[in-house]
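A look at the structure
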Amino acid sequence: MTLRTRITLLTLALLAFSLLLIGASVYGTLRGTHYNSLNNDLQSSSQTAISLIKDKGSLADLPSTVYGTALLIPPTIASPTVDDIMGGAAFLIPPSLAASNQNPLLGLSEKALNAVLQSGGIYTSTHLVQSDGHEVPLRVRAERVITEVAGFPLGLSQVILFVGKSVEPIEVLLRDFAQIYTATAMLVLLFGGLLAYRLVRRTLEPLEWVAKKAEQVSDKPDKLPELEGNNEVASLVRSLNRMLTRLETSWETQTRFLLDASHELRTPVTAILGHVGYLMRRTQLTPQQRESLEVVGRESERMRKLVGDLLELSQSGGWRVELGSVHLATVLYEIEEEYGRSFEGKIEVEAPDNIWALGDPERLHQVVANFVSNAIKAGSTRIRLVVRDLSERVVIRVEDNGEGIPAEHLPHLFERFYRVDKARDRERGGSGLGLAIVRSIVEAHGGSVWVESEPGKGSVFSVSLKRATAPQPELAG
Ligand SMILES: Nc1ncnc2c1ncn2[C@@H]1O[C@H](COP(=O)(O)OP(=O)(O)OP(=O)(O)O)[C@@H](O)[C@H]1O
Ligand SMILES: [Mg+2]
């Protein structure tokens, strides 16, 4: 998962959690306030109901929204029980209009009734089913009061009073709030998510830019353009640039050393070779002396090649490739001719006549020659030089049927001084610089080089280059 997605998801999760928390607390507060005020309403309705019982002996005059019923306990029962009331020992005082034809306990359970008898007064919630089947959720205040009852001449009596009000308006309000809040929260989440994604993208863009620039840093790195401001990315760029400066210095020191060392070595090697030649040609030598001088000559020749290669490599950062249209078939036929004479096997060329690549003919010649000399050293009997046309690019393949290269060596083959079998390859006259030079030449062309190989079957070295158009013939006159 990318950093961008992760930060966006985290922001979304935090936003969702906060919205949930806000929603829950607003809902809770809203509900609490409304139910509290309903309880207060019920208490004052209770007072009204008691006055009505005292004055009129009936609850019929209660407002139409109030459900009111009352049971008069006969004076013979001092402490009434649930059974007394359920058994019909109490008299029903005429109820309010809303509660007429309803259960006198307003749907209260026996347990709730018992609680009223025990504690004297409770608030509770019930449901009343009306005659039309509509179910009304009620908030009920039930209490036991001692009062005079009009039309009942026995002084103070015990009355169990039930006063209820519908909580439907509150529930509708709460439901509406929940629906609107959920829809709003979803929208906030959606926009929040989009905004977070864009913001994170904007914030991380400079980092991606730095990563891309750093990716492009080649052997000889250019500095990254410094960013304005004093943020983390700008300071990252500054640190990278300081690191690049140090790298550049060490790269330059290394190159200069290589250049100086190979220059210094060239003169003595040339002198040694000159003297060996002189001794061989101009002096009388015993067979042992001649043999020794031949060894000195051979090794010095090898040294001269090595020094030459090193010199080339040390300059490779600044290869002066002169890019132009190179006719690939010509290059390959030249190689065939050059190596065909001394090579005992067969060299075949398969190159369409109409393909040009963007390159430096001398350097491309050097690349293919390197592949062919490696193939010969690997004991090939058949070498194919092939050009493939890939519309935008062209690929040169050098296929051989030599001994092949074990897979574990393939990733290192283009490194300096890398040889598959040091002793064997040295014996064959190789120093392990050929392919390193090939790689730096191909890179200077903006191309790529790779190898496929199977031990025992052979190897294929390929170079991909930009395609070029045929050079325009110069108009006469
Ligand atoms: N076609 C091939 N078949 C088998 N092995 C190969 C082939 N080409 C290269 N190699 C292996 O890769 C090694 C590196 O090749 P490279 O051309 O860099 O060095 P070299 O040929 O040993 O020396 P130099 O080219 O400097 O004379 C060789 O030593 C050889 O072991
Ligand atoms: Mg080589």
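About the cut-offs
- Residues numbered from 1 in each chain as written.
- Chains lettered and ligands numbered in written order.
- Predicted model: local features only at pLDDT ≥ 70, side-chain atom pairs only at ≥ 80, totals over all residues.
- Helix = DSSP H or I, 4+ residues; strand = E, 2+ residues; numbered from the N terminus.
- Rg over C-alpha atoms; globule rule 2.2 N^0.38 Å.
- Buried ≥ 20, exposed ≤ 12 C-beta atoms within 10 Å, placed from the backbone.
- Contact = placed C-beta atoms within 7 Å.
- Domains from an automatic or database assignment.
- Nonpolar A, V, L, I, M, F, W, Y, C, P; charged D, E, K, R; others polar.
- Pairing = 2+ DSSP bridges.
- Axes fitted to C-alpha atoms, helices over the stretch in contact; angles between N-to-C directions.
- Near = placed C-beta within 6 Å.

Take the overall build of the chain next. When helices and strands are tallied, the chain shows 10 helices and 12 strands. Since a compact globule built from 477 residues should have a radius of gyration of about 23 Å, the 51 Å found for the chain marks it as more spread out than a globular shape. Structurally, the chain occupies a C-alpha span of about 165 × 55 × 45 Å along its principal axes. Out of the 477 residues belonging to the chain, those deemed buried represent 21%. Pairs at least 24 residues apart make up 66% of the contacts formed inside the chain by residues separated by at least 6 positions.

What follows deals with the domain arrangement of the chain. For the chain, the domain assignment lists domain 1 (1–215), domain 2 (217–318) and domain 3 (321–468). Relative to domain 2, the C-alpha centre of domain 1 lies at a distance of 91 Å. The partner domain 2 presents seven residues to the five residues of domain 1 that form the contact. Residues that form the side of domain 1 that touches domain 2 fall into these classes: four nonpolar, no polar and one charged.

Below, the discussion takes up the sheet that holds strand β3 (residues 121–129). One open sheet accounts for five strands, arranged β2-β1-β5-β4-β3; its pairing is antiparallel. The sheet is open, and its two edges are formed by β2 (91–93) and β3, each paired on a single side. If you compare each strand with its neighbour and ignore which way they point, the axes differ by 30° on average. Pairing of β3 with strand β4 (residues 135–149) involves nine bridges; the strand directions are antiparallel. Among the inter-strand pairings, Val 129 is bridged to a residue of β4, identified as Glu 135.

What follows is about the site of ligand 1. Within the structure, ligand 1 sits among 21 residues, and Asn 374, Ala 378, Gly 430, Gly 434 and Leu 435 are positioned closest to it. Listing elements by their share of the shell around ligand 1, those giving two or more residues are α8 (361–377) and α10 (434–444). Among the elements that take part in the shell around ligand 1, α8 stands out by supplying three residues, more than any other. Residue composition of the shell around ligand 1, grouped by class: eight nonpolar, eight polar and five charged.

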